[in-house]
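# Understanding the architecture of this molecule
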Amino acid sequence: MFHTAKRWVFLAIALLTSCVAVATNATLPVFKIGVVTVDSSTGTTFVRGLEWWRDKVNNNTEGGLSTLDGIVMKVELITIRAASAAIAAQTIVDFSNGNPSFVHVLVNTFQQFNIAVNDAMNENRIEKNLIHCSGGTPGMYGFEDLGIPRWGFQFGVMVPSSDYGTGIFKHIMSFGNRLPNTRIAFFRNTGNSFADYTCQESIRIAKDLGMEVDPNEIFEYSGTSYETVMPAGVAALKESETTIVMGCTWLQDGLALQQAIVQERLDLLATIILIAPTTGAWAAAFPRDVYGHSDGDYVLAPSQWHHTQRFNDFSSVGNTQTFWAEFKAATGSDPDYLLASCTTAGIIIERGVNKVAMGNYSEASNATSNSCLGEISFDEKLRLMIRDFEEDTMYGRVRFSKFNQNVGHEAAVIQILPEKNQTSVLPESTADSSLYFPAPPWEKRLSCPPNCTSADIFRIGVISPETPEGQIRRRGLEWWARKANENGRIRTQNG
């Protein structure tokens, strides 16, 4: 009887063991990622972000990308540069079909490829996980009328640009009756889908929050027509009571808007311009004078991310400040939000794989766990892990919407300030600096030299008797004043 029972125990163990296939590094030593990018300097920037993550993973303490069941693999990137959306879409299909090479995960870096790539995956039923580094419009990821993603295996890193103005608008409205008005004008680039969508949503949100929007002060343009629209629109605002301007712009039109504002000396409580202020082109167009001031100062720029923010991270990359410091030391430059978005695509892959058991995964088939309940592919397990992903990364918290677009954190707001150049000011919980609002009028800015290098002084008159008791009380105030100055002076609500 004892021996019979013993045999049943061994049989049960054998059956349980047969339900789990074990893989080793010899089975799959390399985790291949197919990367599709645009053949341009922008494409190079995206790929550099993914390469940074790859190098961090391959040189971490475990020696590579590790699964839940202890398989460790080196990451290999197979990069294809595509000249068009159609070529990018076909490349994704080729990757899946084993030509030019079998890959485990796909990454697309360019937002202009998003829809074509997603639709190609859907049409060809490619059940391979794809991370998009770029694209802030929900329509790129899902069918908005149906409320479903274009293809269930694709996910987008960037948060919706519809909320780009929300944080700034809420901050402005918090001042209430202390402001002369909250009238806002928009310069809308209808020729750029990102800028046009961002403007459409920003106008809606501004109205919902109680801001005044005059239809006659929504200045639309496309192509190079900004060269005439910007000067004419700003000149019209010079005769208006409008106190806030938002430019839903790209690069050159964003620079042109600020140049027109400088030319007219248009006083505004806040100037909001997309894209241009977050680039090196801004400092070149608006250089600092000998006193450290620039005509590009105080402008606000909503953005996906900024290296001065503070976020935790549990991947091989490290938190925001670790990522920035190491990248700066290695390259001599600051990582921008495009590069960081592709680094984050890698982080999502890494953290997803960390939580999935790979089992017997081969290049010939996608069979994984040999579960007693039926086979579940590794790709499907990874898809479910990414779909339900909710975790802090150095890019901010990541969580995916019903369209599989990241909605885990608010967009950053950058401000150009005299002492810091680009710095994050919103959301306050992750920002490096306080938002300077309202912006100083041009009269004050132009009258600054030659005294603007000296610190502003907040003077306090102290009345105290010349007695030991009076001296003790003065010492308490002097102690506070010294501590306040050592801590970087005192700061008003508007910076």
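Definitions and cut-offs
- Residues numbered from 1 in each chain as written.
- Predicted model: local features only at pLDDT ≥ 70, side-chain atom pairs only at ≥ 80, totals over all residues.
- Heavy atoms only, no water.
- Helix = DSSP H or I, 4+ residues; strand = E, 2+ residues; numbered from the N terminus.
- Buried < 20%, exposed > 50% of the residue type's maximum accessible area, 1.4 Å probe, protein only.
- Contact = heavy atoms within 4.5 Å.
- Areas by Shrake-Rupley, 256 points an atom, 1.4 Å probe, with all protein chains shown as cover.
- Phe/Tyr/Trp six-rings, centres within 6.5 Å; stacked < 30°, edge-to-face > 60°.
- Lys NZ or Arg CZ within 6 Å of the ring centre and 35° of its normal.
- Axes fitted to C-alpha atoms, helices over the stretch in contact; angles between N-to-C directions.
- Left-handed = near helix turned anticlockwise from the far one by under 90°.
- Nonpolar A, V, L, I, M, F, W, Y, C, P; charged D, E, K, R; others polar.
- Salt bridge = Lys/Arg side-chain N within 4 Å of Asp/Glu carboxyl O.
- Pairing = 2+ DSSP bridges.
- Core = buried A, V, L, I, M, F, W, Y, C linked by side-chain atoms within 4.5 Å.

Time to look at the overall build of the protein chain. Tallying secondary structure elements over the protein chain gives 14 helices and 17 strands in all. The 495 residues of the protein chain split such that 50% are buried. In the protein chain, once contacts between residues fewer than 6 apart in sequence are set aside, the share between residues at least 24 apart is 72%. Roughly 23,100 Å² of accessible area belongs to the protein chain as shown, and the carbon and sulfur atoms make up 52% of that amount.

Moving on, we get to the packing of aromatic side chains. Describing an aromatic ring pair means giving the distance of the ring centres and the angle of the ring planes. Evaluation of the coordinates by the stated rule reveals 15 aromatic pairs. Between W282 and F286, the aromatic rings sit 4.7 Å apart at their centres with planes inclined by 55°, giving tilted as the arrangement. Take W282: its relative accessible area is 3%, and that puts it in the buried class. Take F286: its relative accessible area is 7%, and that puts it in the buried class. Centre to centre, the rings of F323 and F327 are 6.1 Å apart; their planes meet at 45°, and the pair counts as tilted. Here F323 and its partner F327 are both found in helix α10 (residues 320-331), four residues apart, which amounts to about one turn of the helix. Of the residues examined, F323 reaches a relative accessible area of 0% and is grouped as buried. The rings of W52, W305, F323, F327 and Y395 are connected pair by pair, giving a single aromatic cluster. One residue, R383, lies across the ring of F153, its end atom 5.2 Å from the ring centre.

So, about the packing of helix α2 (residues 41-58) against helix α11 (residues 337-354). As a packed pair, α2 and α11 sit with axes 7 Å apart at the nearest point and diverge in direction by 40°. In terms of crossing hand, the pair formed by α2 and α11 is right-handed. Judged by residue contacts, T42, T45, F46, R48, G49, L50, W52, W53 and V57 of α2 engage L338, L339, S341, C342, T343, G346, I347, I349 and E350 from α11. When grouped by side-chain class, the residues that make up the contact of α2 with α11 number ten nonpolar, six polar and two charged.

With that settled, consider the pattern of salt bridges. Tallied over the entire structure, the rule returns 21 salt bridges. Here R150 and D119 are joined by a salt bridge, their closest N and O atoms 3.1 Å apart. On the criterion of sequence distance, the pair formed by R150 in the loop between β7 (148-149) and β8 (154-156) and D119 in helix α4 (residues 114-123) is long-range, its members being 31 residues apart. Relative accessible area serves as the criterion here: at 23%, D119 is assigned to the partly exposed category. For R183, the salt bridge is made with E217, and the minimal N-O distance between the two is 3.2 Å. Here the residue R183 occupies a position in strand β9 (residues 183-189), and E217 occupies one in strand β10 (residues 212-221), the gap between them amounting to 34 residues. What makes E217 buried here is its relative accessible area of 8%.

What follows deals with the pairing of strand β4 (residues 105-108). Neither face of β4 is exposed, since V105 and V107 on one face and L106 and N108 on the opposite face are all buried. One ladder, built from four bridges, connects strand β1 (residues 30-38) with β4; its direction is parallel. When the sheet's bridge partners are listed, I33 is paired in β4 with V105. Bridge count for β4 against strand β5 (residues 130-132) is three bridges, and the pairing is parallel.

Attention shifts here to the nonpolar core. The biggest cluster of nonpolar side chains holds 78 residues, and the ones touching the most others in it are F31, I33, W53 and F186. Top contributing element to this core by residue count: α11, with ten residues. Ignoring sequence-local partners within four residues, the contact set of F31 consists of L65, M73, K74, V75, E76, H104, V105, I349, V353, M358 and F378. A185, F187, A256 and F286 belong to the second-largest nonpolar core, a separate cluster that totals 25 residues.

Coordinates in, geometry out; function isn't part of it.
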